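Okay, here's what each chain looks like letter by letter:
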Amino acid sequence: ELKVEQNPLFLSMQEGKNYTIYCNYSTTSDRLYWYRQDPGKSLESLFVLLSNGAVKQEGRLMASLDTKARLSTLHITAAVHDLSATYFCAVVGAQKLVFGQGTRLTINP
Amino acid sequence: NAGVTQTPKFQVLKTGQSMTLQCAQDMNHNSMYWYRQDPGMGLRLIYYSASEGTTDKGEVPNGYNVSRLNKREFSLRLESAAPSQTSVYFCASSDWQPELYGYTFGSGTRLTVV
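Residues numbered from 1 in each chain as written. Chains lettered and ligands numbered in written order. Predicted model: local features only at pLDDT ≥ 70, side-chain atom pairs only at ≥ 80, totals over all residues. Heavy atoms only, no water.

Undergrad: Kindly report on the interface of chain A and chain B, identifying the contributing residues and their values.
TA: Contacts between the two partners involve 19 residues from chain A and, on the opposite side, 18 residues from chain B. Between chain A and chain B the total buried area reaches about 1600 Å² when both faces are included, carbon and sulfur atoms providing 56% of it. Taken as a group, K96, L97 and F99 of chain A account for 27% of the area that chain A buries against chain B, more than any other trio of residues on that side. Looking at the side of chain A that touches chain B, its residues break down into 10 nonpolar, 6 polar and 3 charged. (Contact = heavy atoms within 4.5 Å. Buried area = accessible area lost by both parts, 1.4 Å probe. Nonpolar A, V, L, I, M, F, W, Y, C, P; charged D, E, K, R; others polar.)

Undergrad: Give a detailed account of the side chain of D38 of chain B, specifying residues and quantitative values.
TA: Residue and element names in this part refer to chain B. Following the sequence through the fold, D38 ends up in the loop between strand 4 (31–37) and strand 5 (43–49). Polar side-chain contacts of D38 include one of 2.8 Å to the side chain of R44. Separated by 2.9 Å, the side chains of D38 and S87 make a polar contact. If near-sequence neighbours (up to four positions away) are discounted, D38 is found in contact with R44, T86 and S87. (Helix = DSSP H or I, 4+ residues; strand = E, 2+ residues; numbered from the N terminus. Polar contact = N/O pair within 3.5 Å; in protein donor to acceptor, adjacent residues only side chain to side chain.)

Undergrad: Could you give an account of the state of the cysteines, with specific residues and numbers?
TA: By definition, a disulfide links two cysteine residues through a covalent bond between their sulfur atoms. Residue and element names in this part refer to chain A. Per the stated rule, a full pass over the model turns up 2 disulfides over all chains. C23 shares a disulfide with C89; S-S distance 2.0 Å. The chirality of the disulfide connecting C23 with C89 is right-handed, given an S-S dihedral of about 80°. Within this pair, whereas C23 is found in strand 3 (residues 19–25), its partner C89 is found in strand 9 (residues 85–93), the two being separated by 66 residues in sequence. The same class applies to C23 as to C89, namely buried. (Disulfide = S-S within 2.5 Å. Buried < 20%, exposed > 50% of the residue type's maximum accessible area, 1.4 Å probe, protein only.)

Undergrad: Mind laying out the nonpolar core, listing which residues take part and the relevant values?
TA: Judged by nonpolar contacts, the single largest core of 25 residues is most densely connected at L32, W34, L74 and Y87 of chain A. No other element matches strand 9 of chain A, which puts 4 residues into this core. Apart from the residues lying within four places of it in its own chain, the contact partners of L74 of chain A are Y19, T20, I21, W34, F47, L61, M62, A63 and Y87 of chain A. Within the second largest apolar cluster, 20 residues are counted, among which are M19, V60, V66 and A81 of chain B. (Core = buried A, V, L, I, M, F, W, Y, C linked by side-chain atoms within 4.5 Å.)

Undergrad: How would you explain the layout of surface pockets if you had to name every residue and give the values?
TA: Taken as a whole, the largest pocket spans an internal volume of roughly 550 Å³. At the level of secondary structure, the elements contributing two or more residues to the lining of the largest pocket comprise strand 9 and strand 11 (103–108) of chain A together with strand 9 (87–94) of chain B. The leading source of residues in the lining of the largest pocket is strand 11 of chain A, at 4 residues. Across the lining of the largest pocket, the residue classes tally to 10 nonpolar, 11 polar and 5 charged. The computed volume of the second largest pocket comes to approximately 380 Å³. As for the second largest pocket, its lining consists of 22 residues, of which E1, L2, V98 and F99 of chain A together with E59 of chain B are closest to the centre. Sorting the residues of the lining of the second largest pocket by element identifies strand 1 (4–7) and strand 10 (96–99) of chain A together with strand 5 of chain B as the ones contributing at least two each. Grouping the constituent residues of the lining of the second largest pocket by class yields 10 nonpolar, 6 polar and 6 charged. (1 Å grid on protein atoms, 1.4 Å probe; cavity = no way out; pocket = protein on both sides within 12 Å on 5 of 7 lines; lining within 4 Å. Points joined across faces, edges and corners; volume = space filled by probe spheres on them.)

Undergrad: Any chance you could break down the pairing of strand 1 (residues 4–7) of chain B for me, citing the residues and the numbers?
TA: Residues and elements named next belong to chain B. Covered by surrounding structure in strand 1 are V4 and Q6 only, the residues T5 and T7 on the alternate face being uncovered. In the sheet, strand 1 pairs with strand 3 (residues 19–25) via 4 bridges, with the strands oriented antiparallel. The residue of strand 3 that forms the bridge with T7 is Q22. (Pairing = 2+ DSSP bridges.)

Undergrad: Before we move on, could you go through the packing of aromatic side chains and cite the residues and values that matter?
TA: The final tally for this structure, using the stated rule, is 12 aromatic pairs over all chains. Ring geometry for Y35 of chain B versus F105 of chain B: centroids 6.0 Å apart, planes at 45°, classification tilted. Here F105 of chain B lies in strand 10 (residues 104–105) and Y35 of chain B lies in strand 4, a separation of 70 residues in the sequence. Chaining the aromatic ring pairs together yields one cluster made of Y33, Y35, F88 and F99 of chain A together with Y33, Y35, Y48, Y103 and F105 of chain B. (Phe/Tyr/Trp six-rings, centres within 6.5 Å; stacked < 30°, edge-to-face > 60°.)

Quick look at the structure:
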């Protein structure tokens, strides 16, 4: 059974700092997604990572995938308040999308 | 706007009442999903439908039933609601190549069972 684990679950950081969210999964998969969720809202797709070594960047966010280590990272560079949200990774297994627990990110001025 | 539409957005039920959550997509997607979201647990799959006419159980199917009415619509029914079913429910859809276009989520239904 596919398990997806994120850490940390809560992250409070200052504007301007860098940090990384980690996503580990338990069985082989070559498709991983990152989503953002604002309070009371739906999920917004950030990145789709399809192969080993894939790296995608959008603004201050960069995601990477290491399928051999079964690990994805979401790196935040020079954080700004607008990036405060909950971030989820999700992995495809047996035609189903399985989510991590989410990382609640709070960025303080 | 194209996408996934869920109704209702909010609902309060008494224990033992029944209700159906509706979901419709207009993107001609083949696959549809129902998730529930509880604090600290991410989203957990309740049921999914890989194509019209098929449905399968996900991680937490107990207490729920689904119907894939046609290609556009996928409903979730609670026959006898329980407080443990208080949650936010999301419907999602994807096509045959979700690696290209991802999964599209509805805006959610916030259900409280008292």
